[in-house]
Amino acid sequence: MSPPVQVALVGCGKAKRKHRAPARHLYTGNLFSAHLAEAEATTSHVYVLSALHGLLTLDEEVEPYDVTLRGMPGEKRGAWGRQVVESLARRYPAGAVELLVYAGRAYAEPLQDALAASPREGWTLVEPLKGASQGARLRILAEASRMRAAARAPLRVPALEVEQPSGRRLYLFAVDGKRVPSFATVSRVRRTGGVLEGYQRPEVLNHVAAIREYMESAGALVPNAVVLAFDSRVRFEALSEEAEGARHGHLVIPLQAGPDAPGFIVDGQQRLAAVRDAAVTAFPLACTGFIAETVGQQAEQFILVNSTKPLPKGLIHELLPSTTAALPAALERKRLPSQLLARLNLDEGSSLRGLVITQTCPAAKGKAGGGWTAVIKDTSLLAALEDSLADGTLYDMERAGAGVDAMVARVSAWWAAVASTWPGAWARQPKESRLSHGAGVRALALLMDAACQFLAQEGNAAPSQADFECELALVRDACAWTSGTWAFPAGDRRWNDIQNTPKEVALLAQHLGALYRERRAAKPHRRTRKAGAA
């Protein structure tokens, strides 16, 4: 249901001009003027309540008169109230209406009685200043007017003006992110009549939500500056002479929201959207501003800011283990798997040491003296670790309180068993061995989870490399890592036809998992859980 239409009704006054005039100018009393100013400042639909004429539009011209509701008999006041409500009903025939009455009791009561006698669905009557004396009303309305004027006053923020060799000036300042919509807007990219307008993309909702969640956390820090383009309405008032290419002063920004705002967001709209939605009282942000009279100049800076190469995800993942503060949820989920990956790739004694391609350990650098080069992509192993942490043996270990050391040892033992089970396929480039390929890494990691589950059911909660080798022996002959064909239920596939796509990973993982469970169930020497084993 749509919100009610607000209609302000301003009671007429005794003091009037001596000649015919529009209703807004006919009444000259201070209280009428204050009531009308408040009504027009807060409501789009405003009328005058005339004791003689009933409902008047603000521009309707009338002659001065000497009629008041106070001395009018009750029956006539009731008829007056019904007349006004009927006039309003003709103007607003459908939907809910909220009547805001800026007048005394003599005006409000007949209207209330008329609504009670002939109820209209969704219609209500409110007296914003009910019970206040004339003096109190004038004080309240004067303060409201003062606050509105203060809100319209330009925003003055301390700023540093920096002149660059081109003669263009930058303004460095800080402002509460929740205030930015009051002076800056987003120039959305669109086509109107085939002509390209604007330059900003729509908000990325999941990205905004992640930033918002981070901003609401303790210790949140957002050092990246928001970039804003201003038109000539924004000015800089210097407080000092130029010193080393910069001047201190104030940036004076008119407050105007919407499409006529003096500022446009060039970079940082996702951050500002997150601040807007965040459950925080305020969140000051660093800002960089410049004067740009045309959309073309704004778009130029937008392209320059956003066309630089983004930080590689692999580098972000390598940096995550060194962080301790709260991070956006998407990064928070990757902190533990990134820590495990780093340990597996760098720890002495790890079966995967030097085999994972990362930003700081590229493919050209491998195990010292071993002649091996890194062959497993970090994204493949990271995804495998995330799978296990979500619903596998690493999830069980984390829930049981096992530390990172124990998790690293478990994964390292598994891959050491993989290396001894298929030595000819181990540590080779993915184009030579699907064991190093993303599909093989993900599928074997899922097989590790299945093996750990079976072993745990038999009372072996801490399997060794030898235990894993026994489990892998069940599927050793069915794997075509470097040659031959995969005997999938749906038909044979060449060994190197397997690709690193979700569908192919699922195909390989399901094939190995089904074969493993089938052969394990048929093992004549299968152990059973010992009585009382945990």
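Scroll up to find the structure this text is about.
Residues numbered from 1 in each chain as written. Predicted model: local features only at pLDDT ≥ 70, side-chain atom pairs only at ≥ 80, totals over all residues. Heavy atoms only, no water.

A short note on the side chain of arginine 410
Here's step 1: Inspection of the secondary structure puts arginine 410 in helix α13 (residues 404–421).
Here's step 2: An unpaired buried charge is present at arginine 410: no salt bridge exists, and aspartate 396, the closest side chain of opposite charge, is 7.3 Å distant.
Here's step 3: The contacts of arginine 410, once residues within four sequence positions are left out, are Thr393, Met397, Cys452, Ala461, Ala462, Pro463 and Phe468. (Helix = DSSP H or I, 4+ residues; strand = E, 2+ residues; numbered from the N terminus. Buried < 20%, exposed > 50% of the residue type's maximum accessible area, 1.4 Å probe, protein only. Lys, Arg positive; Asp, Glu negative; His and termini not counted. Salt bridge = Lys/Arg side-chain N within 4 Å of Asp/Glu carboxyl O. Contact = heavy atoms within 4.5 Å.)

Examining the packing of aromatic side chains
Here's step 1: This model, assessed by the stated rule, comprises 12 aromatic pairs.
Here's step 2: Pairing phenylalanine 454 with tyrosine 516 gives two aromatic rings, centres 5.7 Å apart and planes at 70 degrees, and the pair type is edge-to-face. Of this pair, phenylalanine 454 sits in helix α14 (residues 438–457) while tyrosine 516 sits in helix α16 (residues 502–521), and the two are 62 residues apart along the sequence.
Here's step 3: Judged by its relative accessible area of 15%, phenylalanine 454 falls in the buried class.
Here's step 4: Counting every residue linked through ring pairs, the aromatic cluster contains Trp422, Trp481, Trp486 and Phe488.
Here's step 5: For arginine 120, the ring lying beneath its charged end belongs to tryptophan 123, and the centroid distance is 5.9 Å. (Phe/Tyr/Trp six-rings, centres within 6.5 Å; stacked < 30°, edge-to-face > 60°. Lys NZ or Arg CZ within 6 Å of the ring centre and 35° of its normal.)

Quick word on the sheet that holds strand β17 (residues 284–291)
Here's step 1: Strand order in this open sheet of eight strands is β10-β16-β13-β17-β9-β8-β15-β14, and the pairing throughout is mixed. With one partner strand each, in any of the chains shown, β10 (184–185) and β14 (235–238) form the two edges of the open sheet.
Here's step 2: Contacting β13 (226–230), β16 (263–267) and β17, helix α7 (residues 269–277) crosses the sheet at an angle of about 115 degrees to β16. (Pairing = 2+ DSSP bridges. Axes fitted to C-alpha atoms, helices over the stretch in contact; angles between N-to-C directions.)

Remarks on the sheet that holds strand β7 (residues 123–126)
Hydrogen bonds between backbone groups are what pair the strands of a sheet, and the pairing can be parallel or antiparallel.
Here's step 1: Across the sheet, which stays open at both edges, the five strands sit in the order β4-β3-β1-β6-β7 with mixed pairing between neighbours. Lying at the two open borders of the sheet, with one neighbouring strand each, are β4 (54–57) and β7. For this sheet, the mean inter-axis angle between neighbouring strands, taken without regard to orientation, is 30 degrees.
Here's step 2: Strand direction decides the pairing type here: strand β3 (residues 45–50) and β4, joined by four bridges, are antiparallel. Among the inter-strand pairings, leucine 49 is bridged to a residue of β4, identified as leucine 55.
Here's step 3: On the sheet, helix α3 (residues 74–91) packs against β1 (5–11), β3, β4, β6 (97–102) and β7 and is oriented at approximately 40 degrees with respect to β4.

Considerations on the pattern of salt bridges
Here's step 1: In the structure shown here, the tally under the stated rule is 27 salt bridges.
Here's step 2: Arginine 212 is paired through a salt bridge with glutamate 216; the nearest N and O atoms lie 3.9 Å apart.
Here's step 3: The partner of aspartate 231 in a salt bridge is arginine 233, with the nearest N and O atoms 2.7 Å apart.
Here's step 4: Exposure remark for aspartate 231: the relative accessible area of 17% places this residue in the buried category.

Here we look at empty space enclosed by the protein
To locate leftover empty space, one rolls a probe as large as a water molecule over the atoms.
Here's step 1: For the coordinates displayed, the defined rule picks out two cavities of 30 Å³ or more.
Here's step 2: What lines the largest cavity is simply Gly314, His317, Glu318, Ser338, Leu341, Ala342, Thr358, Asp378, Thr379 and Leu382.
Here's step 3: Listing elements by their share of the lining of the largest cavity, those giving two or more residues are α9 (313–319), α10 (329–346) and α11 (378–391).
Here's step 4: Residues belonging to the lining of the largest cavity are distributed by class as follows: three nonpolar, five polar and two charged.
Here's step 5: Along its surface, the second largest cavity is lined by Leu381, Ala384, Leu385, Ser388, Leu394, Val411, Trp415, Ala445 and Met448.
Here's step 6: Only α11, α13 and α14 provide two or more residues apiece to the lining of the second largest cavity.
Here's step 7: For the lining of the second largest cavity, the element with the highest residue contribution is α11, accounting for four residues.
Here's step 8: Across the lining of the second largest cavity, the residue classes tally to eight nonpolar, one polar and no charged. (1 Å grid on protein atoms, 1.4 Å probe; cavity = no way out; pocket = protein on both sides within 12 Å on 5 of 7 lines; lining within 4 Å. Points joined across faces, edges and corners; volume = space filled by probe spheres on them. Nonpolar A, V, L, I, M, F, W, Y, C, P; charged D, E, K, R; others polar.)

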